[in-house]
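Chain by chain, the residues:
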Amino acid sequence: MADKHKHVDDISGVETTGHEWDGIRELNNPIPRWWVYTFYATIVWAIGHAIAYPSWPLLTESTKGLLGYSSRAVVTAELANAKAAQAGNAERIASSPIEDIMADPELKQFAISAGASAFKVNCAPCHGSGAAGGKGFPNLNDNDWLWGGNPKEIYQTIAHGIRYDGDEETRVSEMPAFADMLTPDEMRATAAYVLSLTATPSNPALVELGKQLFADNCASCHGADAKGSREVGAPNLADAIWLKGEGEQAITDQMRSPKHGVMPGWVNRVGDPVVKDLAIFVHSLGGGE
Amino acid sequence: MHYQPAQKAGSMERLEARPISAARVGRPLYEKRRKIFPKRAEGRFRRFKWLVMLVTLSIYYLTPWIRWDRSAHAPDQAVLVDLAARRFYFFFIEIWPQEFFFVAGLLVMAGFGLFLVTSAVGRAWCGYACPQTVWVDLFLVVERFIEGDRLARMRLDAGSWTFDKVCKRFAKHAIWLVIGVATGGAWIFYFADAPTLMKSFVALEAEPVAYMTVATLTATTYLFGGLMREQVCTYMCPWPRIQAAMLDENSLVVTYNDWRGERRTRHAKRAAALGEVVGDCVDCNACVAVCPMGIDIRDGQQLECITCALCIDACDGVMDKLGRERGLISYATLSDYSANMALATNNGAIPIDPRRVRDGNGVFVEGIRDFDWRIIFRRRVILYFGIWALVGLGMLYALVSRDRLELNVLHDRNPQYVVESDGSVRNGYVLKLLNMIPEPRRITLSLDGMPSARVRIAGQAPGDGQSFSVAVDPDKVTSFKIFVTLPKESLVEAQSGFSFRAEDPSSHERDVYRTKFIQPGTAK
Ligand code: SF4
Ligand code: SF4
């Protein structure tokens, strides 16, 4: 190399490297040798790293590396640690009745957090990720409860489900289809009366007749005041919440051929402690009693 | 090794000192570092540098040990970066992560401060205050103490590995490493309670990260201060490049005044006897020998020069001995220098003629320009100072007017509202109360703008409906879920939103957060 750069720059008196671009020559102000060694050191480091750690991609996986490091193993270990850290609380939840859990703020908070994540996995498909439900799927945030809204009752509902074939303790109720028992006009009149409890029906003249029909046909389940009955899961018809849709048409439809939602029982799927978590979480959403 | 014993030039000791930048041709593409053996300098700049070194090193090593009483709920260390709790303490100031802009502001000020200093007095940062300069100085003190001054060190370095040399080298490197450990050690004390950490560190019970940090900083201190020295300034640091761009013809730089120095000669008396005209420089190389960067300032202003002014001290000493005026090497601006050069060379028409700058009595002629302090107050300096001061004042204002009680409100996203069975509408919020003082407090929270609304904390019985009071921990964020319910007939109240008001009843500190209330038909 040395013999190549003999040209000396006129102005600075510094030798050039011999490289020339369009008449411009690069002065040879040498970079320090340690700089080059540092560069070599990074290469050596890279080789060492490639041997010690997973690096070279193969067809289905990569080379393992001598140290046997794997980010997946790290995550697994972290998860195991997290599980171990939760063990104490989880055991206490498993062994305590739900009232005791509710009375212990720390345990309750733990149950709410655990319930929130179990809810996302198991319940959100029907009730929505915010537990706000939808038509035919109850909103769990409000204070309207078909089967009761204290933690114990909620636990019972979640554990054994509603109209669920796979569980003998499941909650059962069935509204008869009134298509065979009432004429369409009578059903319309009944719907007008039900609506009149919270709003103004389209034809107020029908309300008087509907009231009579309601007392004869519906009051046995929904109550004389139409406020429903939790014994049989009969909804409150005198409040602002409509599970199967709002308005006279929706009420008439439900009378003619009732739709019944089914909820599976969860205790056999997720186990008793998780159902406790879920019950306490649902109770905490704001409508719990 | 390139050195020869001292010779005598008249009465002047002459040093054989070859600057590292001397070679221009025949250099390889990658070059071995040339060893530099800076000689001890004496003079006013050296004294000033000792002072700066004392002050800066004291600040660095001692600051973590200053105590500052805050309260039982906060650390009593004056300067502390508490990474785990995400707090930064600086005497009476406590900074939370969201107030990090204060630190950003300080960095902006540091940046403009450097611009300011550089445009006013040149590379003063490099020469006096940069940690690299200060620590190299410290390491050189050790080196001189053990191995002696320049000549002795050169001899030792060139000599064979005798027992004496091994001992000296061992002692030197050992002390350097101790300084390195102390430097790294001081650093970690900024991040934890210093006395506690000191105890656990010595007992080998501190966190591994503490030992790793100390080890890393020991290594860098030893490497940069002891082994690499001028290489760091010349090759690794970007700052010299940036500063070079900030110098103009009125910036102070260390300058060899060749208009009075040339023609330099080692044989001034002989030349005078022969009637030759020579300059003040006796070519004693004292300036090269003291230079920590190993350069010759007489080659002109160069990238390597950190303007430590040690060559000024060295040359002033020589001029004193020769009975000439000081300032052959001096802080000068390019414009003064050029004017004087023009005078000495008759505007470049002739080579430097020292007779043109002195009258018959050897006194400088009228036209010789000296440094005028007023040149510092020029437009760019004032501008930099203005920006620097503005940022500082802005931060000061932000500091004295900042809140120590803050309320943040997050509206529930899913569901956005809930209709209750009586037709009333409920909205959920997460309230975050930031109590930024190290004292526990009771804070009253109230609704403003929805008189019919009722508020309750989740999981608790409703209070009076419009307000409630909560206990907040010292120096912490307390967050809790609340529900606000508006009766069906009053939903119109929610149209223009409402506010949460947090107030400390004892100090009347307060924060207000405006938010909205979502109901069927307004949800998005
Ligand atoms: S500039 Fe001053 S210190 Fe440097 S060689 Fe000349 S006389 Fe000596
Ligand atoms: S040339 Fe002078 S001012 Fe510059 S680094 Fe060397 S001794 Fe310091």
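Computed from a predicted model, the values in this text were never measured in an experiment. (Residues numbered from 1 in each chain as written. Chains lettered and ligands numbered in written order. Predicted model: local features only at pLDDT ≥ 70, side-chain atom pairs only at ≥ 80, totals over all residues. Heavy atoms only, no water.)

1. Notes on the domain arrangement of chain A
Residues and elements named next belong to chain A.
Okay, so step 1: Under the domain assignment, chain A is made up of domain 1 (73–170 + 263–284) and domain 2 (184–256).
Okay, so step 2: Summarising the inter-unit geometry, the C-alpha centres of domain 1 and domain 2 are found 33 Å apart.
Okay, so step 3: Taken together, the contact pairs twelve residues of domain 1 with twelve residues of domain 2.
Okay, so step 4: Interface area, domain 1 with domain 2, both sides summed: about 900 Å², of which 59% is carbon and sulfur.
Okay, so step 5: Among the residues of domain 1 in contact with domain 2, D144, L146 and W147 are the three that bury the most area, contributing 53% of the side total.
Okay, so step 6: At the junction of domain 1 with domain 2, the criterion picks out zero salt bridges.
Okay, so step 7: Scanning the region where domain 1 abuts domain 2 turns up two residue pairs in polar contact (both at pLDDT 80 or more). (Domains from an automatic or database assignment. Contact = heavy atoms within 4.5 Å. Buried area = accessible area lost by both parts, 1.4 Å probe. Salt bridge = Lys/Arg side-chain N within 4 Å of Asp/Glu carboxyl O. Polar contact = N/O pair within 3.5 Å; in protein donor to acceptor, adjacent residues only side chain to side chain.)

2. So, the sheet that holds strand β16 (residues 498–503) of chain B
Residues and elements named next belong to chain B.
Okay, so step 1: Reading across from one edge, β14-β12-β16-β17 is the order of the four strands in this open sheet, with antiparallel pairing throughout. Edge positions in the sheet fall to β14 (467–472) and β17 (510–515), since each has one partner strand and no second. Shown here is a sheet whose adjacent strand axes are inclined to one another by a mean of 20°, direction ignored.
Okay, so step 2: As judged from the six bridges shared by β16 and β17, these two strands associate in the antiparallel manner. Within β17, the residue paired with R501 across the bridge is V512. (Pairing = 2+ DSSP bridges. Helix = DSSP H or I, 4+ residues; strand = E, 2+ residues; numbered from the N terminus. Axes fitted to C-alpha atoms, helices over the stretch in contact; angles between N-to-C directions.)

3. A word on a nonpolar patch on the surface
Okay, so step 1: A cluster of nonpolar side chains, namely Y37(A), F39(A), Y40(A), I43(A), I47(A), I51(A) and L66(A), defines an oily patch on the protein surface of about 780 Å² accessible area.
Okay, so step 2: Mapped onto the elements of the fold, I47(A) is located in helix α1 (residues 33–52). (Patch = residues over 30% accessible without salt bridge, like charges linked within 9 Å, V, L, I, M, F, W, Y side chains within 5 Å. Areas by Shrake-Rupley, 256 points an atom, 1.4 Å probe, with all protein chains shown as cover.)

4. Observations concerning the packing of aromatic side chains
Where two aromatic rings form a pair, the distance of their centres and the angle of their planes describe that pair.
Okay, so step 1: The full count for this structure, using the stated rule, is 32 aromatic pairs over all chains.
Okay, so step 2: Plain terms: the ring middles of F119(A) and F281(A) are 5.4 Å apart, the flat faces sit at 55° to each other, and that makes the pair tilted. Residue F119(A) is located in helix α4 (residues 105–122), and its partner F281(A) is located in helix α12 (residues 272–284); the two are separated by 162 residues in the primary sequence.
Okay, so step 3: A residue is classified by how much of its surface remains accessible, and F119(A), at 1% relative accessible area, is buried.
Okay, so step 4: Residue F281(A) is classed as buried on the basis of its relative accessible area of 11%.
Okay, so step 5: Relative to F91(B), the ring of W68(B) lies with its centre 5.3 Å away and its plane at 90°, an arrangement referred to as edge-to-face. One end of the pair, W68(B), is in the loop between α1 (44–62) and β4 (79–82); the other, F91(B), is in the loop between β5 (87–90) and β6 (93–95), with 23 residues separating them in the sequence.
Okay, so step 6: Classification of W68(B) as partly exposed rests on a relative accessible area of 33%.
Okay, so step 7: Among the aromatic residues, those joined into a cluster by ring pairs are Y60(B), Y61(B), W135(B), W187(B), Y190(B) and F191(B).
Okay, so step 8: One Lys or Arg, R426(B), reaches over the ring of F483(B) and ends 4.5 Å from the middle of that ring. (Phe/Tyr/Trp six-rings, centres within 6.5 Å; stacked < 30°, edge-to-face > 60°. Buried < 20%, exposed > 50% of the residue type's maximum accessible area, 1.4 Å probe, protein only. Lys NZ or Arg CZ within 6 Å of the ring centre and 35° of its normal.)

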